[in-house]
Amino acid sequence: MSAQRPISAMRLATVSCLLICLFHTARAKAGLCEVETGQSSIILDIEESRGSYIQQSTKPAELPIEGDPFSEIILDLVFPKGNPIFILNGKKLQLLEPLDRDAENLSHIVFQLTCLVKATKKKRTIPVIVRVSDVNDNAPIFQNTPYETTVSELTPIGTTIFQNIKATDADAGVNGLAEYFIVEGDGKNIGTDSGVGNDRINTADGFGYFSINLPHQGQVTVNRSLDYERTQRYLVTIVASDRARNSSERFSSTTTLTVNVKDDDDQDPSFIYKGCMLHDGACINPEYFSSVSSGILAGILNIHPEKIQAIDMDTINSPIRYSILQGTPSSYNEYFEINPTTGAVRQTKAVDTGIAKKFDLIIKAEEMSEAKRFTTAKLMIVVKPVDANPPVIHASSLEGHVNENEPIGTKVLDTNSNPIVLAVSDDDLGPNDIKPIYAFELTTNYFQIDKNGILVVNEENLDRDPPSPGTYRFQVVAREANGQGASAPLSLEVALDDVNDNAPILVPLPHVNVPAGEGRRLVVKVEASDNDSGENAHIVYGIYHVSNNGANKFKIDPKTGEIETVGKLDAGEQYSITVQAKDVGGLSSQGIVEVTVSPGPNTRAPVFKQSVYEVQVSEGASINSTVVSLLAVDPENDPITYSIISGNDLRQFSISPNNGVISIIRKLDREDLTRYQLMVKAEDTGKLSTTATVNIKVTDINDKNPEFVESEMPYVFKVKEGLTNVTVGRVRATDLDEGINALVTYSLPQDIPFVINNHTGEIVTKMALDYETKKDYTFVVTAKDGAPEPRLGTASVTVQVLDVPDEVPTFPKSTDRISVPENVPDFLVTKVTAHDPDTMKEITYIIKQGNTDMFSIDRKTGIVKTLRGLDYERENMYVLIIGTEENNSKEDGSTTKVFVDVEDRNDLPPTFTSVTRPITLDDEVSIGTIVTTMIATDSDGTSPNNKVRYQLVGRGMASKYFQIDSDTGVLRIRDDLRKELSSEYQVDIRAYDLGEPQLSSVSTLSVYVRHVATVPPEIGLSFADTSYTEEVTENATANTLLKTIVIINHRAHSENIPLKCEISKGNEDNLFYATMTDDRNCAIYLKTPSLDYENRTEYLLEVHLDSLQGLINPDKSYASLKLHVKDINDNSPMFIYPDQSEIKLARKKFYAIVSKELDLDSNIIQVQARDADSGNFGKILYKESKWSDLDEEFFNLDSKSGIIRNSKTFESIADEQLPFVLNVLARDNPDSRTDYKASIAPVIVNLLTKDNALILVFKDARPEMIRLQSKNISRVLEEKSNLIVGIEKFTPRQYITENDTLEFDPTGTDVWFYAIDPTSGKILHRNSSRVQRSILDPAAQSNITFVMSGVVRATAAAVHAPLPPPTPPRARLSPAAPDAFPYALIIIACIIFVLGLAGIIYICVSWNRYRNYKSRIQRHYSNAPSRYDPVISGTAPSIDTPSLKEYETQVLNMAVPLDDCDSCNDLQLDFSANNHTFSLDNVSYITKDNGQQSPTSSEAATTARASSVASPTDYMHSNIHTLNRNNVSSIYRNNNHHLSTLPRNDHHHHHQQQNNSFLDTFGRNNNRNQQQNNTFNRNKNNLNLLTKSLGKEKNENKNNNTLKRNPEGAIMAYDEIPGHNTIFQRSSDEEGMASPSNDNVTFGKRDYSQMGFSYLNDRSPVETTTEL
């Protein structure tokens, strides 16, 4: 014990010294990180940015922090509530982005400054407040634009016409106040528009004509006299400017006030027509033209440029009377007259060219008014000679040419490069005759004749390239502009010259596999096409780029496009060859050929024992410790090299390349990364590799201290003095460990007036704090984790005590006087200001005395406003006493008094003193009679606001017959009331004052007029009938006369009696109008050419006749007119396109798919169109439009139904011939050759093969459910791939199991689809780069399946190619021990020897049995019935031949093809004598008499049937020969005649060798359907079995020729023979020729002449069919 005490004392002394040193070091740096001003926070000022400027500095420029930021302290900014706005440059704050105080209402920015003392590591957080001051950076913005008003041209100067100008400014203070003034405009939209007469509008600048006298109010007044005839509209440019103190910094905005001027009566009438010379909207020197034919009475003349018409230039629209004032020659009145009402000129007498060749007349148009203003126009009438000869067109050339894509107006040139000029001549015209004006009409819109007669281009972008026509043929007709004469058509032809405007287009390039190696080898041939012609279509190929530095390994032939290898290629390399096709003009396109170098003999990669490894490792594991050992086995026993290819970016792990051991090479930290996923590759020497995934989880140890949240530090809290148990703030610490190691608790020192919640970190006061005693507290809070050996973390907390204010505010001014206009609500009256000595100023303004119903005050700012408009007439002054809630004393300065004077405004309109009552007058009352006196008063208090004037603003014709005295309000009669039929007038009288703005009110006076004229009904005016019916074509033009309804008894009354007719019902669409003719009948006209038979076929109009009361016969004052609309061919056929695709390029096209297996004459697609017309006009005929020879070879079109069928199968179609683009023309009115309309639609036909198929997999939805979502599936696929997608079928989901078997899942769905390029219309190969990139790429697949799952509401798993049938796994031979190999060879040799010996014995026994059986059969059938003709079975005639057989022939009904049918040679047998396996010796028979079966026939026999078809003159018999199964077995058992297979294309001399003939195997049926192989085949053990039937396809002839099933034999019948026919034609060539369609079957042609039976030599070339 005594030895340990000195050691403890020494330790205590050492610790004490260290603490003393640390204390002195801390005291030396105690002033660092303190605020120089001694305050707890920092307040700075900064201006908002001007535009994007961010270089402005704060005031003060640097942060007042003790210490050098480069050597003593570290400063940092913390923005807890948003993105950083400043960065630090030393102690200076630098903006990161512009500040906008106005848009964001940003008055200040609050953030925190952290300061760390480098020596002590002490950290402090200081609040920073940056106040943002306003700069004038916003212009005023006008509200409620556009501005427009209407004033009379007689409006007095000084009248206020508009007072709704208002603009707002987002700036503050004076920068946000606006004032208004008028400036000169920019000249836009100034001038006269293209209108004529009253529709003409002249627009002028309003500067000088209008003014704003009070800039702050924006009221617009008249400054100069207005004149409607000179200017109908003024554009007043108004500027709103803010009131920034520095005038150079003011902003302004501009708007336009449109002032429309109303007209008054002061203008003469004017003739109007299009094209006349205008002055102030009226035609100057109007001239009209017409013509008449010599000796012919024309009636109403056709006037040009328009019919004669004059209008009153005033809006009063007085009626116009027309007359002929004078003319030359003087006899004009004998031949012509003019209708005084309509202005129509009529020829009353025929005139001859001998009397005059033209007439010059002066037409007078006079207003029917008291002023009788008039105007004149000139009318020239030309007398034309008799039209005996039509005009003739002459062209300088009938053929021309022009470059394609030339602009409009380009001249068409002839072969000599001269423009083609057209001229017109007429033999009827003499040299002194006036030449008529001709208009050229062309049958094409692509060209036109200009004013000089030159043929020019009339449409942009004429294209020569296919499918556009290269030559245009059309006709030209010349027609007199003012007559009906027309020339015969002239045919012209214009050819378009080619311009190099098309780039070559490369055919989509396939993915290419090239075997590794050296030398020149063809990779692929690329091809491109160019729509241009000639030299412009010459294409040169080149390699633009090769990836992976492969430029020196490939070359391309510039002419043929063949790409060859020129360098060494290694297995596994991949290259992307960018090929460029360029024409002579430099236009080019590019395509990419993907080349993969296939590997060499090393074809099997190493295999890991596991594909995924799951491993755990502690974060405290030592360096070089083992994580896991991986093992891979190479099937070819090649050495394996291991490597980590991904997931080891931090280099935490390494792997041994030889044994696959993964170890740790850098220290792990779970808090940085908890999991690692390594991808490990095992690679053999042939560069073949496989990968495995290693998932490593890092487990935790307690190695992290609790850390307080950096973003919340430093902790600075504030609390008011005098409060107990209130929350001061909350601290928060986190521990990156897991579990109990991450459980954090908090603690505080005991000697402070605060406590902390151990778990939440919430700090509260233990006692009341006193600001005067201590202003702030600083202490340390400790955080501890929950581990058995806990780790600690600390943070510094500062609590600031807040003071409570106790001073009262006072007002520096005792009184104030303000003037306020009346009727302005929310008007800012004044702003009062009180002063508060406290540092924390609290001022609340209130109105202590005064009218609080009319005024309000902002409690914070002291702004006084009106609550509603003040009324000068009610009270003209208010007194307000304003104080504060904080100061309730009676001392001076506690309140201030505000006197508010109200300014008078014109706010009351005049009011009529009495209610108007209806007045009744007789129609004969005299002009000037006083009707009544209207009196109105104005209650405004001052002049001129209370001065009243009167004016008429009446409706209809009231202003024509009444007038009012503007000063006295006396209403008088102005015109004769008998001129109108109206019996009631509504007279609107407006009373207005002279104030600004002008106010008014309107009173309506009803005046009734009694008309006294009456007549008996029998002489009353009426329609001749009450019902009419007419027809009108739907293409009738405007003003077409539909019907003239006769009015009876109109001649019995004076012409001065007013008479009118109008349409009272049925004209809801305003298509028709009624008017009176010159002879006072009612004419119904078409107003607008809007008739459409397809919308409406008839109209029922009711026409009403009106005149003075008593003159109308009421029984016939209404008539009905039924109009039937006649249909014309005015609608073109419209194709009905199926809802195929959302791709824009796929619209208005038909798409169809065919396959190579498609039968002939199958329906491919039906093209349908509809026509809205009726009858024959709506019938549609379909035709081919410019189909190529290839198109016509493969397809035909039904002209009535629009169905396209195939006329040829698609087996031999080449890929470059696809797709087919078939243009189908649909025309209506099939029976007409001229009157028809047509439309063309393209039909794109693609060939669908297995290489185009793609499958979209849904795992959890059945096909019947997914089929309902087919449209959504197509839409999503098209949106994500930008390709046209077609769905082929829906099938249960296929998948390959772990056992490598193909299974079906009925709960899932495979959606089979294909993709089409929307540009070329060609179906895309599954391996094309575009499909790979947009559909099969993993990222594209993920996007498609994600969106598809949400749309279809089923899980879309993947997109892949069709699954191949699984390959049976090969048996893997395990390497045997070297010592066992010789013994295995010996055992195998013994087995072969024993089996061979047994086979030899079996063959000998079989041959012996066969020979005995054959001999027995020959003896048994050596005697034949005498009534049958003998048949010699040998090849040479011999009397001693023992094999004579007798048989009869029968006819077997079979489908026999034509003699030339090559497809019928599939089954051919050798019937020669050398063939021992089949001869007539071995065929038994059935007799005709007794019908007994051959002794060799049995239930279990395999049947061979033979049928011979003879010529019609021979006997026709049939036999059935049964080949016993034992016979067949004998054939197979014969040792010298063993079973083998004939080689393909064997010649006939091979069958004439020694007697070792053998039975051919029925070969594979090579038809295009590739049916199941149907062969006689031998098995591996030479067993005598028929292994397969001869096909599965059923014949249409359903007979009963079906074989019984033998227990060991095959089944075969006529209706089961493969192919489409059961009869096969024998070769007509040399004997023994091989079958063209079967590898293993031959037959020959036999000569039966030596047998002595003539009918055998006359047999049909169609031979016997034998079935085995």
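Residues numbered from 1 in each chain as written. Predicted model: local features only at pLDDT ≥ 70, side-chain atom pairs only at ≥ 80, totals over all residues. Heavy atoms only, no water.

> When you look at the overall build of the protein chain in this model, what are you seeing that I'm missing?
Assigned secondary structure in the protein chain consists of 11 helices and 104 strands. Per-residue burial for the protein chain yields a buried fraction of 41% across its 1668 residues. A sequence separation of at least 24 residues applies to 67% of the contacts in the protein chain between residues at least 6 apart. Working note: accessible area of the protein chain is about 91300 Å², and carbon and sulfur atoms make up 49% of it. (Helix = DSSP H or I, 4+ residues; strand = E, 2+ residues; numbered from the N terminus. Buried < 20%, exposed > 50% of the residue type's maximum accessible area, 1.4 Å probe, protein only. Contact = heavy atoms within 4.5 Å. Areas by Shrake-Rupley, 256 points an atom, 1.4 Å probe, with all protein chains shown as cover.)

> Whenever I open this one, the environment of Lys1289 confuses me. Can you help?
Topologically, Lys1289 is positioned in strand E98 (residues 1284-1296). For the pair formed by Lys1289 and Arg1267, sequence separation is 22 residues and the distance between their alpha carbons is 8.7 Å. Leaving out residues up to four positions away in the same chain, Lys1289 has contacts with Asp1310, Val1311 and Trp1312.

> Sorry, what's going on with the pattern of salt bridges here?
Should their charged atoms come close, side chains of opposite charge can pair. Per the counting criterion, the structure on display carries 30 salt bridges. Arg479 serves as the salt-bridge partner of Glu441, at 2.9 Å between the closest nitrogen and oxygen. In this pair, Glu441 is assigned in strand E31 (residues 438-442) and Arg479 in strand E34 (residues 471-480), connecting sequence segments 38 residues apart. Across the salt bridge formed by Glu885 and Arg859, the nearest N and O atoms sit 2.5 Å from each other. Placement of the pair is Glu885 in the loop between strand E68 (877-884) and strand E69 (895-903) and Arg859 in the loop between strand E66 (855-857) and strand E67 (863-866), with a sequence separation of 26 residues. (Salt bridge = Lys/Arg side-chain N within 4 Å of Asp/Glu carboxyl O.)

> Where do I start with the side chain of Arg464 in this structure?
Within the secondary structure layout, Arg464 lies in the loop between strand E33 (455-457) and E34. Residue classification places Arg464 among the buried residues on the basis of a relative accessible area of 14%. Engagement of the side chain of Arg464 in a polar contact is seen with the side chain of Asp498, the distance being 3.0 Å. One polar contact links the side chain of Arg464 to the main-chain carbonyl oxygen of Asn531, over a distance of 3.1 Å. (Polar contact = N/O pair within 3.5 Å; in protein donor to acceptor, adjacent residues only side chain to side chain.)

> Quick question: what am I supposed to make of the state of the cysteines here?
Here, the word disulfide means a covalent bond between the sulfur atoms of two cysteines. The tally for this structure, following the rule as stated, stands at 3 disulfides. Sulfur-sulfur distance for the disulfide between Cys33 and Cys115 comes to 1.9 Å. Here the S-S torsion is close to -75 degrees, and the disulfide linking Cys33 with Cys115 is therefore left-handed. In this pair, Cys33 is assigned in the loop between helix H1 (4-28) and strand E1 (42-47) and Cys115 in strand E5 (residues 108-117), connecting sequence segments 82 residues apart. (Disulfide = S-S within 2.5 Å.)

> Got a minute to help me understand helix H8 (residues 1338-1352) in this structure?
Quick reminder: α-helices carry 3.6 residues per turn. Residues three or four places apart thus point the same way. Over its 15 residues, H8 runs 20 Å from end to end, which matches the ideal 21 Å to within 8%, given 1.5 Å per residue. By the burial criterion, the buried members of H8 are Ala1340, Gln1341, Ile1344, Thr1345, Met1348 and Val1352. Down the axis of H8, the buried side of the element spans an arc of 125 degrees, and every buried residue falls inside it. Opposite the packed face of H8, turned more than 90 degrees from it, sit the exposed residues Ala1339 and Phe1346. Packing partners of the buried residues in H8 comprise strand E97 (1254-1258), helix H5 (1263-1267), helix H6 (1270-1281), helix H7 (1329-1336) and strand E100 (1356-1360). A side-chain oxygen of the first residue of H8 lies 3.1 Å from the backbone nitrogen of Ala1339; this N-cap is Asp1337. Note on H8: the residue one or two positions beyond its end, Arg1353, has a positive phi of about 60 degrees. (Expected span 1.5 Å × (residues − 1). Arc of directions from axis to C-beta.)

> How should I be thinking about H7 in this particular structure?
Every buried residue belonging to H7 is among Val1331, Ser1334, Ile1335 and Leu1336, and all of these are buried. Taken end-on, H7 shows its buried residues confined to a sector of 150 degrees, consistent with a single buried face. Structurally, H7 contributes buried residues whose contacts are with E97, H6, strand E99 (1302-1316), H8 and E100.

> Where do I start with the sheet that holds strand E87 (residues 1118-1126) in this structure?
Strand pairing within a sheet occurs via backbone hydrogen bonds; the two strands may be parallel or antiparallel. Pairing within the open sheet is mixed, and its 4 strands lie in the order E80-E87-E86-E83. Both outer strands of the open sheet, strand E80 (1027-1033) and strand E83 (1059-1065), are each paired with one neighbouring strand and no more. In this sheet, adjacent strand axes meet at a mean angle of 30 degrees when their direction is disregarded. Where E83 lies against strand E86 (residues 1098-1107), 6 bridges are found, and the strand directions are antiparallel. Bridging across to E86, Ile1063 finds its partner in Val1103. (Pairing = 2+ DSSP bridges. Axes fitted to C-alpha atoms, helices over the stretch in contact; angles between N-to-C directions.)

> Would you explain the environment of Gln326 in this entry?
Relative to the elements of secondary structure, Gln326 occurs in strand E23 (residues 320-328). Along the primary structure Gln326 and Lys364 are separated by 38 residues, whereas in three dimensions their C-alpha atoms are 9.0 Å apart. Dropping the residues within four chain positions of it, Gln326 is found in contact with Tyr332, Asp360, Leu361 and Ile362.

> Any chance you could explain the packing of aromatic side chains here in plain terms?
The relative placement of two aromatic rings is captured by the distance of their centres and the angle of their planes. Evaluated as defined, the whole model comprises 37 aromatic pairs. Measuring from ring centre to ring centre gives 5.3 Å for Phe855 and Tyr878, while their planes differ by 70 degrees; the resulting arrangement is edge-to-face. One end of the pair, Phe855, is in strand E66; the other, Tyr878, is in strand E68, with 23 residues separating them in the sequence. Accessibility expressed as a relative area gives 1% for Phe855, which makes it buried. Each ring, one from Trp1407 and one from Tyr1410, has its centre 5.5 Å from the other, and the planes form 35 degrees; the classification is tilted. Here the residue Trp1407 and the residue Tyr1410 both occupy positions in helix H9 (residues 1381-1420), the gap between them amounting to 3 residues, near one helical turn. This pair shows no difference in class: Trp1407 is buried, exactly as Tyr1410 is. Ring-pair connections join several aromatic residues into one group, and the members of that group are Phe142, Tyr147, Phe162 and Tyr180. When the ring centre of Tyr209 is taken as origin, the NZ or CZ atom of Arg224, which lies over that ring, is 4.2 Å away. (Phe/Tyr/Trp six-rings, centres within 6.5 Å; stacked < 30°, edge-to-face > 60°. Lys NZ or Arg CZ within 6 Å of the ring centre and 35° of its normal.)

> Where do I start with the side chain of Ser397 in this structure?
Tracing the sequence through the fold places Ser397 in the loop between strand E28 (392-395) and strand E29 (399-403). Only 2.8 Å separates the side chain of Ser397 from the backbone oxygen of Glu399, close enough to count as a polar contact. Residues in contact with Ser397, not counting those within four places in the same chain, are Asp414, Ile420 and Leu492.

> Where do I start with a nonpolar patch on the surface in this structure?
The grouping of Phe1393, Val1394, Leu1397, Ile1401 and Val1405 at the surface amounts to a nonpolar patch, some 500 Å² of accessible area in total. Among the secondary structure elements, Ile1401 is positioned in helix H9. (Patch = residues over 30% accessible without salt bridge, like charges linked within 9 Å, V, L, I, M, F, W, Y side chains within 5 Å.)

> I keep staring at the pairing of strand E77 (residues 984-993) and nothing clicks. Help me out?
Successive side chains on a regular strand alternate, one facing one side of the sheet and the next facing the other. The buried count for E77 comes to 8 of 10 residues, which makes it a mostly enclosed element. Here 5 bridges tie strand E74 (residues 948-952) to E77, and the two strands are oriented antiparallel to one another. Bridging from a neighbouring strand, Gln951 pairs with Arg990 of E77. Here E77 runs beside strand E78 (residues 1000-1010); their pairing, made up of 9 bridges, is antiparallel. Within the sheet, the bridge partner assigned to Val987 lies in E78 and is Leu1005. Linking two consecutive strands that pair antiparallel, namely E77 and E78, is a turn of 6 residues.

> Explain the packing of H6 against H8 to me, please; I cannot follow it from the model alone.
When two helices pack together, you describe them by how their axes are tilted relative to each other and by the distance separating the axes. Following both chains from N to C, one finds H6 and H8 inclined at 150 degrees, their axes separated by 10 Å at the closest point. The orientation of H6 with respect to H8, classified from their angle, is roughly antiparallel. The interaxial crossing formed by H6 with H8 has right-handed handedness. Between H6 and H8, the residues in contact are Asn1272, Ile1273, Arg1275, Val1276, Leu1277 and Lys1280 and Asn1343, Ile1344, Val1347, Met1348, Val1351 and Val1352, respectively. Its residues assigned to classes, the contact of H6 with H8 shows 8 nonpolar, 2 polar and 2 charged. (Parallel < 35°, antiparallel > 145°, perpendicular 65-115°, else oblique. Left-handed = near helix turned anticlockwise from the far one by under 90°. Nonpolar A, V, L, I, M, F, W, Y, C, P; charged D, E, K, R; others polar.)

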